[in-house]
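One letter stands for each residue in the lines below.
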Amino acid sequence: MSDEQLRGAENPPIRRLAEWDVERLRELAGEHDTPLYVTDLDRVAENCARLRAAFPDADVKYAVKAHTGRAVLETVREAGLDAECASAGEVRRAFDAGFPGARVDYTAVNPPARDLDSVVEWWDDHPDLTVTVGARDTLDRLAERGYDGRVCVRVNPGVGAGHHEKVRTGAAPKFGVPYDRAAEVVADARDRFEVVGVHAHAGSGIHGEADLAAHRDLVARMGELAREIGDDELEFVDVGGGFGVPYHEDDPALDLDAVADATREALGDLDATLAVEPGRYVVADAGVLLTRVNTVKPTPETTVAGVDAGMTDLLRPAMYDAYHAIRNLDAGDAGDARETGPVTVAGPICETGDTFCDGRELPLPDRGDLLAVGNAGAYGYEMASTYNSRPRPAEVSLAGDVLRERETLAGVTKLERGGADE
Ligand SMILES: Cc1ncc(COP(=O)(O)O)c(C=O)c1O
Ligand SMILES: N[C@H](CCC[C@H](N)C(=O)O)C(=O)O
């Protein structure tokens, strides 16, 4: 893609749910059944390209946790982003998808011994991998295992931002060494490791003015810290991810170029390279969740549309009260003319919070209707569980390749005594 295409109308900053090809989604649901995640790998590549165009001189790392699927990771690797991994499991996935060690950053948060053991073992074959560390104890535990490789020190910037209090990471004491102790921890780390960077992350879903102001504060603080400890001795200053996408149909898309300019300005002059690590921005609008209505129940307040996907497939509404656009692919602008009214889309899980929307104005559902839930590509399948003994859904690419098989009931019980062993 040319620079013009990367930034222009051919690569818009958001693909809205209304823009997905309804006929194709219907076909995929027919072939693969529901609930079904559909992932558009071309859109993943476009999002990567837009990030690289906005941050041409930066190291752009993909936060793997947003969507860990092999096909997504391969697409991201080919599009030139590095991999930021939250666990040994994610590091393994990055290696398996072909990322070399030099493009892998393991952000260790209270890392279990097993994770550290594995990563130190893999370091033999991948001596250029970077371990990001947010506590002195973690430095000691790495040293005890003979690790003396590349380290990045994670700082708690005391500045949080994001779509919900549970994701304002930068203000949570769990993450990173306190800002005013960072220089001391870096000095200690320099005695024992190759310190290549410093890192902080404000939180997830940075969108409005307040979040952007917090992001700028964080970046400015990281610029100051880097200069204090010697930016010429660092390879990079990582200011985290968190770039938001619009979940409401009429929310504007993030102006990524403006965010990039503000980031550079807040960082100030540095010898070290800027690094960013978005997850959601790369995959959110590249995925939809398809689910079918199986029960329609009129009540005085709302029509309940019982569907075959639940909070076990897409946890975000239950966990964060997150809004996801929902489109009935058989009614309204996508199908039959129908009256609209307040509709509650409810899953099959025995939990009051197992709804995708409550009393939202939608075409009144019929049994058998196919619904699409938008922006399901980020933290969708990744946060799926088998609660209520529900097998996890399948995932296919928009092109029709099965990316993840539907889990079976035998799969759900296979690890337990007396469970299925197939
Ligand atoms: C350290 C770190 N980096 C990056 C991210 C990615 O955040 P987002 O998906 O909002 O870009 C997260 C959130 O999960 C994170 O904790
Ligand atoms: N770990 C991320 C938050 C992930 C949020 C995500 N799970 C969501 O669905 O919004 C962070 O600290 O910024």
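Residues numbered from 1 in each chain as written. Chains lettered and ligands numbered in written order. Predicted model: local features only at pLDDT ≥ 70, side-chain atom pairs only at ≥ 80, totals over all residues. Heavy atoms only, no water.

A. Spotlight on the side chain of His199. Take His199: it is sitting in strand 8 (residues 194-199). In this structure, His199 is in contact with Thr132, Cys152, Val153, Arg154, Val155, Met222, Asp238 and Glu277, ignoring residues within four places of it in sequence. (Helix = DSSP H or I, 4+ residues; strand = E, 2+ residues; numbered from the N terminus. Contact = heavy atoms within 4.5 Å.)

B. Layout of the domain arrangement of the protein. Considered domain by domain, the protein is made up of domain 1 (41-282) and domain 2 (285-413). Distance between the C-alpha centres of domain 1 and domain 2: 32 Å. With 22 residues of domain 1 at the contact, the number on the domain 2 side is 18 residues. Roughly 1,800 Å² of surface becomes buried between domain 1 and domain 2 when both sides are summed, with 53% attributable to carbon and sulfur atoms. Looking only at domain 1, the three residues that lose the most surface to domain 2 are His67, Tyr247 and Arg280, adding up to 30% of its buried area. The interface formed by domain 1 and domain 2 includes one salt bridge. For Asp285, the salt bridge identified is with Arg43, shortest N-O distance 2.9 Å. Inspection of the domain 1/domain 2 interface yields nine residue pairs in polar contact (both at pLDDT 80 or more). In terms of residue count, helix 3 (residues 41-54) provides more of the side of domain 1 that touches domain 2 than any other element does, four residues in total. Counted by class, the side of domain 1 that touches domain 2 contains eight nonpolar, eight polar and six charged residues. (Domains from an automatic or database assignment. Buried area = accessible area lost by both parts, 1.4 Å probe. Salt bridge = Lys/Arg side-chain N within 4 Å of Asp/Glu carboxyl O. Polar contact = N/O pair within 3.5 Å; in protein donor to acceptor, adjacent residues only side chain to side chain. Nonpolar A, V, L, I, M, F, W, Y, C, P; charged D, E, K, R; others polar.)

C. Seen up close, the site of ligand 2. Close to ligand 2 lie His163, Val167, Thr169, His201, Gly203, Ser204, Arg280, Arg316, Tyr320, Tyr379 and Met383, which account for all nearby residues. Arg316 places a polar side-chain atom, nitrogen or oxygen, 2.6 Å from an oxygen atom of ligand 2. Burial of ligand 2 by the protein chains amounts to 86% of its free accessible area of 360 Å². Split into classes, the residues belonging to the shell around ligand 2 amount to four nonpolar, five polar and two charged. Residues from two domains meet in the shell around ligand 2; each of domain 1 (41-282) and domain 2 (285-413) gives at least three. (Near = heavy atom within 4 Å. Areas by Shrake-Rupley, 256 points an atom, 1.4 Å probe, with all protein chains shown as cover.)

D. Spotlight on the environment of Val155. Looking at the element boundaries, Val155 is found in strand 6 (residues 150-156). Counting along the chain gives 18 residues from Val155 to Asp137, while the straight-line C-alpha distance between them is 14 Å. Residues within four places of Val155 in sequence aside, it is in contact with Gly176, Val177, Tyr179, Ala182, His199, Ala200, Met222 and Leu225.

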